[in-house]
Every structure is written in C-alpha cells, then in structure tokens.
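# Remarks on the overall topology
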Amino acid sequence: MQLNINDKLYNIDRVDSNRKLLWILRDQLGLIGTRYGCGAGFCGACTVHINGQPTRSCITPVSAIAPDVRIRTVEGLAENGSLHPVQQAFIELQVPQCGWCMSGQMMSATALLEQSPNPSREDIRAAMKNNYCRCGCYHRIALAVERAAKLMP
Amino acid sequence: MTKTWRLTRRKFLIGLGTLTGGVAVGLPLGLPYLRRQAFRFLSQGGPPSGNIDGEPQLWFEFTDQNLLNINVTKVEMGQGAHTALGQLAAEELEVPWENVRVFQAGTLLGPIDSFGTGGSSSVSGLFTPLRQLAANYRFMLTQAAEEHLNNTVTLNKGVFVDPDGNEITLSAASRLEREWVAPETDAPLKSINDFKLIGKSVPRVDIVSKLTAQPMYSYDMTSANNTTYYGVVARPPVVGAQMQDVDANKAKSLERIISIVLQDNFVGVVAEDRETAIDAIRAININWKLPRLIENTDIDLLLDPDSNNAVELKRVGDSSSALEGSNTISAEYSTPLAATAPLEPQSSLAELGDDGIMYVRTPTQFPNQTTSAVAEAIGFDEDKVDVTPTYLGGGFGRRQRAESAVEAAILAIESGLPVHIGWTRSDEFLFDRFRPPTKHKLRGILNTQGTIEALEHRQSSGDVLFSELPEIAGSIAGSDFGATRGIDVTYNIPNLKLYAHRAKLPIATSAWRGLGLLANTFANESFVDELAFHANQDPLQFRLDHLNGETGSLVRNALLHVAKMSKWEELQQSTKEGSGMGIACCVDYGTIVAQVVQVEINKDTISVPRVWSVMDSGLVVNPNGAKNQVEGNIIWGLGSALKEEITFKKGIPSAKNFGDYQLLRIDESPEIFVDLLPSDRPPQGVGEPAIGPIPAALANAIFAATGKRIRKLPLTI
Ligand code: FES
Ligand code: FES
C-alpha cells in the first residue's frame, strides 16, 4: 500500500491489518519524530494530523487509512527550510525539558491554531489537555502557543 | 608534579566515595554516633558528585572550523546539564556560545565520571573542577600559541592575537606538534565579575534538535551500518516469578521471526519488527512459579515510625522530657507509593562491533553501573563494553538502572545482530522501581511565648538508595540517606529529635525526583503550620520567628520574598469563600525554596490557580533553564499532592498505563511565578529542590480555605 505523508508518497510493504501507524512511521520509514509514550491513546506523544485532524498514531491501524488521506507528522512542520511558527515559538520560550512529548505537543498546537487562529488561554488548555508532559512544561507550552498564534502568517 | 598529557584514560573507582570513606574511618566510634555523623555530613555537605577525568583533551576538542566540542560525562534528561556544563567550559576557554557543541561521553570514549548523574549535583559538583580543567587547558594553549608566534598573545573570541596582529585560532593551536605539559600549579580562574556566559540564559544546546525530530533518544536509535532488528523479552506476570517450563514451538513457525533465545529464567525473541516480536512472545507458553503475592496491607504494616529499630539521626537538647507535657500536639502524615513514569519508556540498542566491543546506546543515569551489568550478563570484560547514554526522555531517578541494556545485549550476542529493545508503557509501570511509601509521626510542644519548645519527627520509609547499594551499606549506615533527605529542620528549636526507620518492603522501591524531600517536607511543613495554628500565629510570621543563623537568614529572605511576590497578606485577607493561601519552604542541601500556593475548593474538587516560587540556589549558571526546572517541579509536586498513587493487589501494581495513573494535565496546572534570588554563593542544585514544599503548601492552603487538615497524599476532601 501507499501512504501520503508530508506530501510524499511512501510504499509500505508487509502490512498486517493490525499494524499501527506509529510503528510504521518510526521503525519502517525512519520518521522518528513521532514518539511513543503509552500506545493506548492516553498521552498524546504520538499525535499526527490525518486530514488536518490531530490523531493518535499509536492506536490507528494503517489498514484503516484510505489511499487519499493526507498524513502530516512533525517532520512536515518546517517548510521550505524555515521552521513552523509553532516550532519558532517553542524555541523562543525554551519550552522543552526532556523533549519526548514535544512533537505531540506541537502537532496538537498546530491543529488548534489552524482551526482557531486566536485561541484564548482556556481554548489552549482545552485543546492540549490530552497531551501529557511528564517534565511539567505546561506553563511554557501555554505561553508558547499564545506566542505562536502571533507568529502565524 | 609535571605531567605529560597522553591520550589515554585513567580509571576511577566506582561508587559513592563519601559514604564508604566516612564509615570505614568512623567505625570504632560506634554505630549510633557514626550514623548521626553520616546524616550530618550528607545533609549539610553536598550530594555525591563524583570524580572526573583530569585530561583536557578528553573533554575538549576544537574542530577545523574552530568550534569547540565538549564531551561531557553527565547525561541530559531535560535538566539542562549539557548546556550549563558547556557554559562553564566555554567561559574559561573564551569561546563564544554559538561556537560550542556538547556531546555525551561513553564509557570507552571520552572522559569518565566515578559517579553518574543525579542528586541535582551535575553543575554544582563540576562548577570548579570543570572550569579548572578548561582554565588549565587555556593556559597550555596560550603557551603553545606564544611559542608558535614567538610573541605574547591575547585570546579573543576563540583566536589568539599577538601585538603585531598575527593570529592563530584555538583549533590551530590545539594541533601544534609539541610536548603538551600541564601547568605545575592550577591556572587562575576568571573572577565572577568577568563572566560572560555563566549567569546568562544562553539558549539550551538540545532544544532545537528536540523540536525538529532529530534521532537523539534511545527509542530512536538504529544501527548505523546494518539493519536493525527488534527484540522483546518475556516478562513475568508478577515481579519475582520464576520460569518453570517453556514451550516455544508455536512461535518458531511464525513469519519474520529471526531468533528465539531461551536461557535460564530468560526468554527473548528477535524479529524484523516490534509488533511481530510481541506476537511471538505471546505465542510462547511459559509456566511461572509465583512468589507470595503482595497486598497493599502487607506494605502498610511494615511502615512503623515507632519501631525500636528506628535510627536516631539528630538530637538537640532533650526533647523526650520536653515533650512529656499534656499540651503536646501530635499528628501523623503519610505518602503513598508513586511511579516514576518518564514519558519515554526505556529502550536500548546493542550491537557487537567488528572490533569485538559491545556497543550499547541506552538512557542511563549511571553508565558505569550499566557497563558492569551488561558485561556480567554477556560474559565480557568491562573494557569490551561501551555504554554511551543517549538523551533521556525523562529521568527522575528511574534511569539508575537500564534493564533493557542488558536484555538487548543478550539478544544481540545470541542473534549476532543489532537489536533494539523498547519497553512498553505497561512494562514501565509493572516493573517500575517506585517511590517508597512513608509514614511520619510528629510531636511538638509550644512554650509560653508561643514558639516551639520541642519537636520530634519519626519517619518510616521504604528504601530509596539502599536498594541500589550493596546490602552491607544499609546495615552499617542504618538509615537510608535518600529516604531521609529533607527531614532536617532549619527552624531554631531548642529540643529536637529526628528518627528514621527502614521498612524493608517486599517490592522494588528506589529513587524518585528529590528522593525523600517531598515526603519529609510534606510532614515537616504541614506540622509547622499546625503548630502556628495552635500558637494562634500567622503561618509566615510563625516561621520567621524561628529562623536565625546563616541558613535561617537565607530561608527568611526567601519567605519574605515569596510573601511579597504573592501579596501574601493582602490575598490572605481578601480570599473569598472556598479559597485559601498556603506557604511552605525547604532547604535541600544548599538550595532554599519558599512557595505560596493558592487553592480553590469547589465541592470535592481542589484546583490551584496560582503558585509563587522563590529559589536561592547560589550562583545560577543558566537562569532561564533553572526557572524551567522550578516550573517542572511545581507540576510534579502538584501531581503528587493531587493524583499520583500506586497500590498493590495480588502482587500487581495498580497501574498498567496512564489510564490508571493520571499525571497532572495542562488544564489543571496553575499560573506559575518564579523568582531566583541573587546570590554570591557557589552554584547549588536546581533540578529537584522546588518539588519539596508544594504538597505542604497546598495542604496548608486547603486548611486555610476549609479548616480541614489533610495529612495523607494524595490530598482529597
Ligand atoms: S503513544 Fe499514542 S497516545 Fe500515548
Ligand atoms: S518535556 Fe519531557 S515529557 Fe514533556
């Protein structure tokens, strides 16, 4: 089968119906930016966009992905050599600690900002509440999403 | 003595030199005396930080582009150690920050460290040794440049210049063919006033990579030259279960299975992909002999603060008779088992090199110990095993051991292939080394002036660091200095006694962020609040009235600062129904933290809109990084205060995944205000201290809001 990831077509061989998108991305395609934290939809570390919707890749079987579906991973945030405003804001505010949750945080933030360009603090907290950060960077994450809203074109 | 530099490495003894040294010398003085001394040493001195290699060429390398590569021994788990250590070295070598790169040393490559990474000691412990090494190297490089240019030179932005304008870069100077000799006496260090990098919030070296999908964690590792295979190991249904018989026939017929490894009490599978490996392990039938199945009540009964086996840690005056009075106030506090739950489950890549060396990439805080464990498991000499830590997706104490490193090495040897093993989240929970539960009995009495006349704290805890040390250390030292961290009291109290009881629990407990700091501070700072209430005093004023002496005045400053920041008096007066303010503080080695928590109670929901935190940790190498640590600790403290708890039933911990073990979420986190106090003391730890006061400050706020005193974590009303 084929997957459209970050506007590139990837051929996937050996697909069992049950294989989860997360492990195809990470172990087969080398797109390791999408991270694993729980494998059960609780933590958000594996968040990608499927047709623009934030989705937990750890519980998404690849067999459920239709050929015309667009998948976007953290590797697809930067475009034409320049970082995405969400990445810029996270750097500016020096948000990460260990960093393992950060791809998922940024994917959730990007989806939010694409749907709602000027979110309130409460909107941000609601949209991001299923992304765990064990290191406890929440204060900065909220500030960075607000900052990214200002940087978005 | 003059020493010629060679590019070889020295071996250092592995271990906590501080404890064993003290104990060996002191034995004839008798155990009780010794134990108090050990406690005093460990609570007043610093945490162990280890010796480091003294050869600059192992640490510093200049590239052709005159960039400075620094190989550091401490691991980066989000605490900012790589950046801060880079700042220390670059400061003395006069290299601009943009030209600095930081790399992780392995056990066979680059410098080594006798300890590891922990105890918030990476930067404070290396503050002087690493700068000294860099200063000595600069001295040597200057000599080399002067010889080469045959003139005096000055160093500016990585380039030596002589009075005639001739130049040589640090990089070129470092490559001059000559006999490199260390200075006979240490080169002078820069004075604080001349610091250009230390004390500045330079951007962290790891942040851009972490936000741009770089492979930098153990879970991301693949073999550089060969196909990587995936391993899974059979895990017992209950910790301690032994394998009886194994039937792997069904698994053998599965496709894409490369090898099945059966050893004594070990079953592993190597496959082309992870999910196949998991399927294969499931297809292997194993009969397990179960151990006695632990219930939570078994654990609870072993925690006994009144035990005769409790060790006396500190005695001032005569609290026993002072506490005889009928006005004695007493209270019992408890904290539960908790999981470490770093967000990246542990994983390792092991590959046997053509040179016969087993190369392991793994998230370990203690590379030396991991090397020994791997070498022993596969029958290699330690100098044939390289353990190079990756960036860690969280540490928090869990990475003292790296079980997956041993597992991956066994499978790599048996299959002859590069093998990656990634634990699942359930593996992490079921085989965690938990924060031990604690119980605390406190008694106190006030005198007629309304100050504390006597105080006694009897604590009982499961093992924290004893579980990581040989059994003998435990029987000599008596109390686990990890479990007692934070039990000492800075308040001026004429009669004081501290006791610690070691509960030998039938489950694995170990280090968790801050070790005993959170539990002991919860008990001490809640109880002081209770005494303030009995004395009919404002909790802030009551604390201030008990603070003098050197440390006392630092704590006083921190409390006054946080009170001002939070408008303590004003908000206390004006708080509306169901809301309240609480204050607490702690001293963790040389770091002082004071915090105020605002709480709002709505029926049985506790929410925390705001937290103010003040920290005095001496000179701060990277203020923005230190603030990030304080913010993280506040979230940790609140998570523990409100949610985190593990219980045991039929030998199994209560959480298999985050569904059963909720972490604090962004919509539950407070607005956070952090101030770092200026100080000319040398750097102290910043990675853990701010976790200490939070639970007590919150419990104190709940008391202020509702009149209910909650003495058990997690706090519920
Ligand atoms: S890994 Fe997918 S939600 Fe946690
Ligand atoms: S930065 Fe470590 S989990 Fe978020």
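Remember, predicted model here, so these are calculated numbers, not experimental data. (Residues numbered from 1 in each chain as written. Chains lettered and ligands numbered in written order. Predicted model: local features only at pLDDT ≥ 70, side-chain atom pairs only at ≥ 80, totals over all residues. Heavy atoms only, no water.)

## Some thoughts on helix H18 (residues 549-565) of chain B
Every α-helix winds through 3.6 residues per turn, so residues three or four apart in the chain are directed the same way. Residue and element names in this part refer to chain B. Test applied: Numbering of helices and strands runs from the N terminus, with a helix taken as a DSSP run of H or I at least four residues long and a strand as a DSSP run of E at least two residues long. Expected helix span is taken as 1.5 Å per residue step, with the number of steps being one fewer than the number of residues. Each residue is assigned to one of three classes by its accessible area relative to the maximum for its type, calculated with a 1.4 Å probe on protein chains only: buried under 20%, partly exposed between the two thresholds, exposed over 50%. Note: the arc covers the axis-to-C-beta directions of the helix. In this description, contact between two residues means that some pair of their heavy atoms is separated by no more than 4.5 Å.
Taking 1.5 Å of rise per residue, the 17 residues of H18 would be expected to cover 24 Å, and the 24 Å separating its terminal C-alpha atoms lies within 8% of that figure. Listed as buried for H18 are Gly 552, Val 555, Ala 558, Leu 559, Val 562 and Ala 563. All buried residues of H18 lie within an arc of 135° about the axis, which places them on one face of the element. Projecting away from the buried face of H18 at angles above 90 degrees are the exposed residues Glu 550 and Lys 564. Looking at the buried side of H18, the elements it contacts are helix H17 (539-544), helix H19 (568-574), strand S21 (579-588), strand S22 (591-602) and strand S23 (605-616). Looking at the residues trailing H18, positive phi occurs at Lys 567, about 50°.

## Some words on the pattern of salt bridges
All names here are of chain B. Here is the rule: Only one rule defines a salt bridge in this text: a Lys or Arg side-chain nitrogen within 4 Å of an Asp or Glu carboxyl oxygen.
Tallied over the full model, the rule gives 46 salt bridges over all chains. We note a salt bridge from Asp 427 to Arg 235, for which the minimum N-O separation is 3.3 Å. Here the residue Asp 427 occupies a position in helix H14 (residues 425-430), and Arg 235 occupies one in the loop between strand S7 (229-233) and strand S8 (242-247), the gap between them amounting to 192 residues. With relative accessibility at 14%, the residue Asp 427 sits in the buried group. Here Arg 433 makes a salt bridge to Glu 468, at a shortest N to O gap of 3.1 Å. On the criterion of sequence distance, the pair formed by Arg 433 in the loop between H14 and strand S18 (438-446) and Glu 468 in the loop between strand S19 (452-461) and helix H15 (471-477) is long-range, its members being 35 residues apart. Several salt bridges converge on common partners, so that one network encompasses Glu 525, Asp 529, Glu 530, Arg 543, Arg 709 and Arg 711.

## Focus: the sheet that holds strand S4 (residues 154-156) of chain B
Residues and elements named next belong to chain B. What counts is decided by this rule: Strand pairing follows a simple DSSP-based rule, namely that at least 2 bridges must link the two strands. Note on geometry: axes are C-alpha line fits, over the in-contact stretch for helices, and angles between N-to-C directions span 0 to 180 degrees.
With respect to topology, 3 strands assemble into an open sheet ordered S4-S5-S6, the strand pairing being antiparallel. Only two strands of the sheet have a single partner each, and these edge strands are S4 and strand S6 (167-169). When the angles between neighbouring strand axes are averaged without regard to direction, this sheet yields 30°. Looking at chain direction, strand S5 (residues 159-161) and S6 are connected through 3 bridges and run antiparallel. Directly across from Val 161, in S6, lies its bridge partner Glu 167.

## Focus on the domain arrangement of chain B
Residue and element names in this part refer to chain B. For clarity, the cut-off: Each domain span listed reflects an automatic or database assignment of domains. Buried area is a sum: the accessible area each of two parts loses on coming together, probed at 1.4 Å, counted once for each and added. Under this grouping Gly is polar, as are all residues other than the nonpolar Ala, Val, Leu, Ile, Met, Phe, Trp, Tyr, Cys and Pro and the charged Asp, Glu, Lys and Arg.
On domain assignment, one finds that chain B holds domain 1 (56-211), domain 2 (218-290 + 346-422) and domain 3 (297-338 + 433-706). Inter-centroid distance (C-alpha atoms) of domain 1 to domain 3 is 38 Å. Contacts between domain 1 and domain 3 engage 19 residues on the former and 16 residues on the latter. Taken together, the two surfaces of domain 1 and domain 3 that pack against each other cover about 1,200 Å², and 59% of this comes from carbon and sulfur. Counting every contact that joins domain 1 to domain 3 gives 0 salt bridges. Those elements giving two or more residues to the side of domain 1 that touches domain 3 turn out to be helix H4 (81-93) and helix H5 (122-149). When residues of the side of domain 1 that touches domain 3 are assigned to their parent elements, the largest contribution, 4 residues, is made by H4. Of the residues assigned to the side of domain 1 that touches domain 3, the class counts are 8 nonpolar, 9 polar and 2 charged.

## Some thoughts on the packing of aromatic side chains
What counts is decided by this rule: When two rings of Phe, Tyr or Trp (its six-membered ring) have centres within 6.5 Å they constitute a pair, described as stacked for plane angles under 30 degrees, edge-to-face for angles over 60, and tilted for the intermediate range. Counted as over-ring charges are cases with an Arg CZ or a Lys NZ within 6 Å of the ring centre that also lie within 35 degrees of the ring normal.
Counted by the stated rule, this structure contains 17 aromatic pairs over all chains. Ring centres of Trp 100 of chain A and Tyr 217 of chain B lie 4.8 Å apart, and the angle between their planes is 80°; on these two criteria the pair is classed as edge-to-face. With one member in each of two chains, Trp 100 of chain A in the loop between helix H2 (85-92) and helix H3 (102-115) and Tyr 217 of chain B in the loop between helix H7 (207-211) and S7 form a pair that bridges those chains. Of the two residues, Trp 100 of chain A and Tyr 217 of chain B, both sit in the buried class. Between Phe 429 of chain B and Phe 658 of chain B the ring centres are 5.5 Å apart and the planes differ by 85°, which places this aromatic pair in the edge-to-face class. Of the two residues, Phe 429 of chain B is situated in helix H14 and Phe 658 of chain B in the loop between strand S25 (652-653) and strand S26 (671-676); the sequence distance between them amounts to 229 residues. Phe 429 of chain B sits in the buried class, given a relative accessible area of 2%. Residue classification places Phe 658 of chain B among the buried positions, given a relative accessible area of 0%. Three or more aromatic residues link up through ring pairs in this structure, and these residues are Trp 23, Tyr 36 and Trp 100 of chain A together with Tyr 217 and Tyr 219 of chain B. Above the plane of the ring of Trp 512 of chain B lies Arg 435 of chain B, whose end atom (NZ or CZ) is 4.4 Å from the centre. The ring of Phe 703 of chain B carries Arg 709 of chain B above its face, with NZ or CZ at 4.6 Å from the centroid.

## Let's talk about the sheet that holds strand S1 (residues 60-62) of chain B
Residues and elements named next belong to chain B. Strand order in the open sheet made by the 3 strands is S1-S2-S3, with mixed pairing throughout. Edge positions in the sheet fall to S1 and strand S3 (100-104), since each of these pairs with one other strand and no more. Neighbour to neighbour, the strand axes of the sheet diverge by 25° on average, direction disregarded. Contacting S1, strand S2 (68-72) and S3, H4 crosses the sheet at an angle of about 130° to S2.

## Regarding the packing of H3 of chain A against helix H5 (residues 138-151) of chain A
All names here are of chain A. Heads up, the condition is: Angular relationships are summarised with four words: roughly parallel below 35 degrees, roughly antiparallel beyond 145, roughly perpendicular across 65 to 115, and oblique for the angles in between. Handedness of a helix crossing follows the sense of rotation of the near helix relative to the far helix, less than a right angle counterclockwise being left-handed and clockwise being right-handed.
Where H3 meets H5, the axes come as close as 11 Å, and the angle between the chain directions of the two elements is 40°. One way to sum up the angle between H3 and H5 is to call them oblique. Viewed along their axes, H3 and H5 form a crossing whose handedness is right-handed. Between H3, through Met 102, Gln 105, Ala 109, Leu 112 and Leu 113, and H5, the contact on the second element is made entirely by Ile 141, Val 145, Ala 148 and Ala 149.

## Observations concerning the interface of chain B and chain A
This is how the line gets drawn: Contacts described as polar in this section are N or O atom pairs within 3.5 Å, which, within protein, must combine one atom able to donate a hydrogen with one able to accept it, while residues neighboring in sequence count only if both atoms come from side chains.
Between chain B and chain A, the contact holds 65 residues from the first and 48 residues from the second. Of the roughly 4,700 Å² buried between chain B and chain A, counting both surfaces, carbon and sulfur atoms make up 55%. The interface formed by chain B and chain A contains 8 salt bridges. Here Arg 26 of chain A and Asp 220 of chain B are joined by a salt bridge, their closest N and O atoms 2.8 Å apart. Across the contact surface, chain B and chain A share 41 residue pairs in polar contact (both at pLDDT 80 or more).

## Digging into the packing of H2 of chain A against H3 of chain A
All names here are of chain A. Contact geometry of H2 with H3 gives a least axis separation of 9 Å together with a crossing angle of 125°. Viewed along their axes, H2 and H3 adopt a mutual orientation that is oblique. The crossing of H2 and H3 is right-handed. Residues Val 86, Gln 87 and Phe 90 of H2 form the contact with H3, whose own contacting residues are Met 102, Gln 105, Met 106, Ala 109, Thr 110 and Leu 113. Its residues placed into classes, the contact of H2 with H3 shows 6 nonpolar, 3 polar and no charged.

## Concerning unusual backbone geometry
All names here are of chain B. Residue Pro 714 is bonded to the preceding Leu 713 through a cis peptide linkage, with omega at -10°. Of note in the backbone geometry, Ala 341 takes a positive phi value of approximately 45° without being a glycine. By relative accessible area, Ala 341 is classed as buried at 3%. The phi torsion at Lys 567 lies on the positive side, around 50°, for a residue other than glycine. Along the chain, Lys 567 turns up in the loop between H18 and H19.

## Topic: the environment of Asp 545 of chain B
Position of Asp 545 of chain B relative to the elements: it lies in the loop between H17 and H18. Through-space distance from the C-alpha of Asp 545 of chain B to that of Thr 451 of chain B is 7.7 Å; in sequence the pair is 94 residues apart.

## Some thoughts on the domain arrangement of chain A
Residues and elements named next belong to chain A. What the domain assignment lists for chain A is domain 1 (2-76) and domain 2 (85-151). Taking only C-alpha atoms, the centre of domain 1 and the centre of domain 2 are 21 Å apart. Contacts between the two partners involve 19 residues from domain 1 and, on the opposite side, 14 residues from domain 2. Across the interface of domain 1 and domain 2, roughly 1,300 Å² is buried in total on both sides, 52% from carbon and sulfur atoms. When the buried surface of domain 1 facing domain 2 is broken down by residue, Arg 35, His 49 and Val 74 rank first, second and third, together holding 33% of it.

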